[in-house]
Amino acid sequence: MAYGQVSATFAASLVISPAIGAYLGRVYGDSLVVVLATAIALLDICFILVAVPESLPEKMRPASWGAPISWEQADPFASLKKVGQDSIVLLICITVFLSYLPEAGQYSSFFLYLRQIMKFSPESVAAFIAVLGILSIIAQTIVLSLLMRSIGNKNTILLGLGFQILQLAWYGFGSEPWMMWAAGAVAAMSSITFPAVSALVSRTADADQQGVVQGMITGIRGLCNGLGPALYGFIFYIFHVELKELPMTGTDLGTNTSPQHHFEQNSIIPGPPFLFGACSVLLALLVALFIPEHTNLSLRSSSWRKHCGGHSHPHSAQAPGEAKEPLLQDTNV
């Protein structure tokens, strides 16, 4: 429920920030929007330093702020190297990669796709974002809570992936504006997937492994943020769909008769990258089927002990004979 609330706050920002940014950009220029966004980000950092408590266990914290940091600790890909060391972590990371890759690509091009291919006006795009954000808030709070209690964590993930497949397929084959609006409602339901994944990891991992496993998932999402837009752009290029900002003229974009409109009329699949994304999420759903719903925390992996027994955290007070436990305590997969 807590992860759903955190994700819902992001959806809430999507409701108001595009409208605020568009208004300030139109009245005062885009430079003010960039400066204001930067100032808010800096205030966010200050708020974290002052108000957010530390959740890392005491034994896992550095001895002091001046403690030396090795290159291995500073490596942003260090957590990704541990993905294959636990079967459940591997399954979760593959699921996140296959499901978030099309989502990241969609974020980079979808709203421009609405304006140029679906001929949405700028006002319609802003309204679409607001409605999608409101529905996502409801899905990630009320609906997610009900689903977690009724069908469980794993089934909630599978349901969210199912909604994402339907949403992407709808975007791919949709050729009318009303279809985009209907698919947007399904997209809001698909937003429950990542909070459910984070909750599954939080419930399964040990207290001193939370940051490691959540860091892996965040690293996978960061990797997708780089690959997704490039992949979508490449697929659009293959199918000769060029998405670029069109100059604003006296006529509204809703009456656009550009080559993209000609492409839409002569193409069986208006949005080919979205269909590729649906196939990717389908693979993610098949992988997620093998994620165990419940793990037996009494199980211990001897192979993990052999692998990690000789390596201890440089700042943790670890007993001489104590070895690190598996990231997720299960060997049934």
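Residues numbered from 1 in each chain as written. Predicted model: local features only at pLDDT ≥ 70, side-chain atom pairs only at ≥ 80, totals over all residues. Heavy atoms only, no water.

Just so we agree on the cut-off: UniProt positions are given in the numbering used here, feature names are shortened, and annotations may be inferred rather than shown by experiment.
The protein chain is annotated in an unreviewed UniProt entry as Major facilitator superfamily (MFS) profile domain-containing protein of Myotis myotis. Word for word, the UniProt comment on the protein chain under Subcellular location (unreviewed entry) is "Membrane".

## Side note on the overall build of the protein chain
Inclusion rule: For helices the rule is a DSSP run of H or I covering at least 4 residues; for strands it is a run of E covering at least 2, with both sets numbered from the N terminus onward. Each residue is placed in one exposure class: buried if its accessible area under a 1.4 Å probe, protein chains only, is under 20% of its type's maximum, exposed if it is over 50%, and partly exposed if it falls in between. In this description, contact between two residues means that some pair of their heavy atoms is separated by no more than 4.5 Å. Note on areas: Shrake-Rupley, 1.4 Å probe, and residue coverage restricted to the protein chains presented here.
A tally of regular secondary structure across the protein chain gives 12 helices and zero strands. Walking the protein chain from its N terminus toward its C terminus, one meets helices and strands in the order α-α-α-α-α-α-α-α-α-α-α-α. Burial status across the protein chain gives 40% buried among its 333 residues. Put simply, of all contacts in the protein chain between residues at least 6 apart along the chain, 80% involve residues at least 24 apart. Here the protein chain displays about 18,200 Å² of accessible surface, and carbon together with sulfur accounts for 68% of that area.

## Let's talk about the nonpolar core
Going by this rule: Side-chain atoms within 4.5 Å are what join buried Ala, Val, Leu, Ile, Met, Phe, Trp, Tyr and Cys residues into a set we call a nonpolar core.
Counting residues in each nonpolar core, the largest one holds 52 residues, and the members touching the most others are Ile 92, Phe 110, Leu 114, Phe 128, Tyr 171, Met 180 and Phe 274. Of all elements in the fold, only α4 (87-116), α5 (122-150), α6 (153-173), α7 (177-190), α8 (193-204), α9 (210-238) and α11 (272-288) reach the threshold of two or more residues within this core. Setting aside residues up to four positions removed in sequence, Phe 128 forms contacts with Phe 110, Phe 111, Leu 114, Phe 120, Tyr 171, Met 180, Trp 181 and Gly 184. The next biggest cluster of nonpolar side chains, apart from the first, holds seven residues, and it includes Leu 147, Met 148, Ile 192 and Ala 199.

## Concerning helix α1 (residues 2-28)
Here is the rule we go by: In this analysis, the expected span of each helix is defined as 1.5 Å times one less than the number of residues it contains.
The terminal C-alpha atoms of α1, which comprises 27 residues, lie 38 Å apart, in line with the 39 Å expected from a rise of 1.5 Å per residue. In the segment just after α1, Gly 29 is the residue with positive phi, at about 100°.

## Points about the UniProt feature "transmembrane region" (unreviewed entry) in the protein chain
UniProt's entry tags residues 31-52, 88-105, 125-148, 155-173, 179-201, 222-239 and 274-291 with the feature "transmembrane region" (unreviewed entry), counted in the numbering of this structure. For residues 155-173, the end-to-end C-alpha separation is 27 Å, with 100% helix and 0% strand making up the annotated structure. Counting secondary structure, residues 222-239 comes out at 94% helix and 0% strand; the distance between its end C-alpha atoms is 27 Å.

## Structural notes on unusual backbone geometry
Both trends apply: most residues other than glycine have a negative phi, and most peptide bonds are in trans. Phi is positive for Lys 119, close to 60°, though the residue is something other than glycine. Here Lys 119 is to be found in the loop between α4 and α5.

## Quick notes on the packing of α4 against α11
Put simply, the rule reads: Here an axis means a line fitted to C-alpha atoms, over the contact stretch when the element is a helix, while the angle between two N-to-C directions is reported on a 0 to 180 degree scale. Note that the term roughly parallel is reserved for angles under 35 degrees, roughly antiparallel for angles over 145, roughly perpendicular for angles of 65 to 115, and oblique for everything else. Helix crossings fall into two classes, left-handed where the near helix is turned counterclockwise from the far one by less than a right angle and right-handed where it is turned clockwise.
Direction vectors running N to C along α4 and α11 enclose 160°, while the axes themselves pass 8 Å from each other. Classified by the angle between their axes, α4 and α11 sit roughly antiparallel to one another. Where α4 crosses over α11, the two elements pack in a sense that is left-handed. Residues Leu 91, Ile 94, Thr 95, Leu 98, Ser 99, Pro 102, Gln 106, Phe 110 and Tyr 113 of α4 form the contact with α11, whose participating residues are Phe 274, Gly 277, Ser 280, Val 281, Leu 283, Ala 284, Val 287 and Ala 288.

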